[in-house]
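Close look at the chain arrangement
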Amino acid sequence: MDNVIGSYTEWQPLETALVGRVNHDVKINMSDRVQYDKREYTKIFDETDRYLDDLSDLIKSFGVNVERPKPSSVLNFSYGIKDIEFRSDEDTNRTFISNFDVDFTKHPIGVRDLITCIDNKIIEFNSIDNIRHFESTAYYGNLLKYFDRGAEWISMPKNPWLEFSHDETNYMYFEAANIYKCGNDLFVTVAETGNQKGLEWLKRTLPNFTINVADKIYNHIDGMFSIIKPGLLLSALPKEVLPKKLQSWDMIKLDTKVFERPDLIDEYSQDTDFDNTMLDANVFSINEQTVLISANDKDLIDKFKKYNVEAIPVPFKHRHFFNQGLHCLVLDLKRKGPMEDYFG
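This is a predicted model, so every value here is computed, not measured.

Thresholds, definitions, all that
Residues numbered from 1 in each chain as written. Predicted model: local features only at pLDDT ≥ 70, side-chain atom pairs only at ≥ 80, totals over all residues. Heavy atoms only, no water. Buried < 20%, exposed > 50% of the residue type's maximum accessible area, 1.4 Å probe, protein only. Helix = DSSP H or I, 4+ residues; strand = E, 2+ residues; numbered from the N terminus. Arc of directions from axis to C-beta. Contact = heavy atoms within 4.5 Å. Pairing = 2+ DSSP bridges. Axes fitted to C-alpha atoms, helices over the stretch in contact; angles between N-to-C directions. 1 Å grid on protein atoms, 1.4 Å probe; cavity = no way out; pocket = protein on both sides within 12 Å on 5 of 7 lines; lining within 4 Å. Points joined across faces, edges and corners; volume = space filled by probe spheres on them. Nonpolar A, V, L, I, M, F, W, Y, C, P; charged D, E, K, R; others polar. Salt bridge = Lys/Arg side-chain N within 4 Å of Asp/Glu carboxyl O. Core = buried A, V, L, I, M, F, W, Y, C linked by side-chain atoms within 4.5 Å. pLDDT = per-residue confidence, 0-100. Phe/Tyr/Trp six-rings, centres within 6.5 Å; stacked < 30°, edge-to-face > 60°.

A word on helix 4 (residues 140–148). Of all the positions in helix 4, only Asn142, Leu143 and Tyr146 are classed as buried. Down the axis, helix 4 shows its buried residues gathered within 85° of arc, on one side only. Seen from the buried face of helix 4, the exposed residues on the opposite side, beyond 90 degrees, are Gly141 and Asp148. As for helix 4, its buried residues are in contact with strand 1 (14–19), strand 2 (65–67), strand 5 (115–118), strand 6 (121–124), strand 7 (152–155) and strand 17 (330–335). Once helix 4 finishes, Gly150 follows within two positions and takes phi at roughly 120°, a positive value.

Here the focus is the sheet that holds strand 17. As summarised here, the arrangement of the three strands in space is 2-1-17, forming an open sheet in which the pairing is mixed. Each having just a single partner strand, strand 2 and strand 17 make up the two edges of the open sheet. With strand direction ignored, the average angle separating the axes of adjacent strands in the sheet is 25°. One ladder, built from five bridges, connects strand 1 with strand 17; its direction is antiparallel. Note on strand 17: the bridge partner recorded for Ala17 is Asp332.

Overall, mixed pairing links the three strands, which are arranged 14-15-16 in an open sheet. Each end of this open sheet is capped by a strand with a single partner; those strands are strand 14 (284–287) and strand 16 (310–314). Sheet twist, expressed as the mean angle between neighbouring strand axes with direction ignored, is 30°. Direction of pairing for strand 15 (residues 290–294) relative to strand 16: parallel, over a ladder of five bridges. Looking at strand 16, one finds that Thr290 is bridged to Glu310.

Summed over the entire model, instances satisfying the criterion amount to three cavities of 30 Å³ or more. Of the pockets and cavities examined, the second largest cavity occupies roughly 70 Å³. In terms of lining residues, the second largest cavity is bounded by Leu279, Asn282, Ser294, Val314, Pro315, Phe316, Arg319, Gln324, Gly325, Leu326 and Leu329. When its residues are assigned to classes, the lining of the second largest cavity shows six nonpolar, four polar and one charged.

Tallied over the entire structure, the rule returns 13 salt bridges. Arg112 is paired through a salt bridge with Glu10; the nearest N and O atoms lie 3.4 Å apart. Remark: Glu10 occurs in the segment before strand 1 and Arg112 occurs in the loop between strand 4 (94–97) and strand 5; sequence separation between them is 102 residues. In this pair, the class of Arg112 matches that of Glu10, namely buried. Between Lys334 and Glu15 there is a salt bridge; the shortest N-O distance is 3.7 Å. With Lys334 in strand 17 and Glu15 in strand 1, this residue pair connects regions lying 319 residues apart in the sequence.

Moving on, we come to the nonpolar core. Counting residues in each nonpolar core, the largest one holds 32 residues, and the members touching the most others are Phe225, Ile227, Ile228, Leu234, Val291 and Phe304. Mapped onto this core, the elements with two or more residues apiece are strand 8 (179–182), strand 11 (225–229), strand 12 (232–235), strand 13 (250–253), strand 15 and helix 6 (300–305). Those residues in contact with Val291 that sit more than four places away from it in its chain are Ile228, Val283, Phe284, Ser285, Phe304, Val309, Glu310, Ala311 and Ile312.

Attention now goes to unusual backbone geometry. Although it is not a glycine, Asp119 sits at a positive phi angle of roughly 55°. Looking at where Asp119 falls in the secondary structure, it is placed in the loop between strand 5 and strand 6. The phi angle at Glu192 is positive, at roughly 80°, despite the residue not being glycine. Relative to the assigned elements, Glu192 resides in the loop between strand 9 (185–188) and helix 5 (196–205).

For the rest of this paragraph, the subject is the confidence of the model for the protein chain. The pLDDT averaged across the protein chain works out to 83; a share of 76% of its residues lies at or above 70. Note on residues 79–89: pLDDT under 50 across the span, and 35 contacts to partners over four residues away in sequence or across chains. Counting contacts from residues 92–104, a segment whose pLDDT is below 50, to residues more than four positions away or on other chains yields 45 contacts.

Moving on, we come to the packing of aromatic side chains. All chains considered together, the criterion is met by eleven aromatic pairs. Between Tyr8 and Phe209, the aromatic rings sit 6.4 Å apart at their centres with planes inclined by 20°, giving stacked as the arrangement. Residue Tyr8 is found in the segment before strand 1, and its partner Phe209 is found in the loop between helix 5 and strand 10 (210–213); the two are separated by 201 residues along the sequence. The two residues Tyr8 and Phe209 agree in class, both being buried. With a centroid separation of 5.3 Å and 15° between ring planes, the pair formed by Trp249 and Phe343 is classed as stacked. Here Trp249, found in the loop between strand 12 and strand 13, pairs with Phe343, found in the segment after strand 17; they are 94 residues apart in sequence, far enough to count as distant. Through pairs of rings, three or more aromatic residues link up here, namely Phe45, Tyr51, Phe316 and Phe322.

And the structure:
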């Protein structure tokens, strides 16, 4: 039976994609934690809504089916999660629920962060950040139909954690954006947004793939480099920092100026790992010949042309506010093409 969902690379022909939505409920739940004028947030959220609509239309123009979570799903997943904690009573041997301490969830616009689709599997991961504990539920309505059509749905065991913790013994966490697909090879990062238990779970979940750990790279791997097509990379990093299998490939070099911070920083509504995220390296491919890049990097267009790749600049005014690039914002639900060995 043919796969109903998934992709084996980040560049094979795109058939179906998922683009998220802004969670406007965030600004309601911020209450007095935020020192900034909520009207500024409203403006940022509204403009980002329009941007995600435009991005969806652009991807559709290539003949790709684009799915979006329903607005009701995005709003509903942020309610009903306060005051939840799994607590055991030794006297009665019963488990109680109280005091989880999640004021609100972050925006489900980084659709790639907690879910990946590969080899006819929907794989759901855990974030180390408890604010994101329920985030992927915003996409369940989009994903269930693929399960009904025969896809597997595998979820990493949830952690009843109480706070942000790098506990290697009791918790299992690994974010989907730590994974970069390259045929039967997966390049992954572990530091910061994953741990060894999460890595071992990934290996057991995908035993037919070779897992290559990029031990010199931290956090989400797509914030450091992108594979444009076999033999071609995009990054600002020196090659010796990249996984060894990729070091012989050609690379379009980015300027390190991409390390930027927004004027407005609020840890409760943003991904604030600015030191480990190069948004200009975070590009999204329609196919081997077409890639969406940041509008800040129009100088890259000619560099891509030398490799017969059309680079289409896409503006995202608030990318540094959300710390999200194009690859973060789009999840490839289905790409056409088999699993191949690019290093054999």
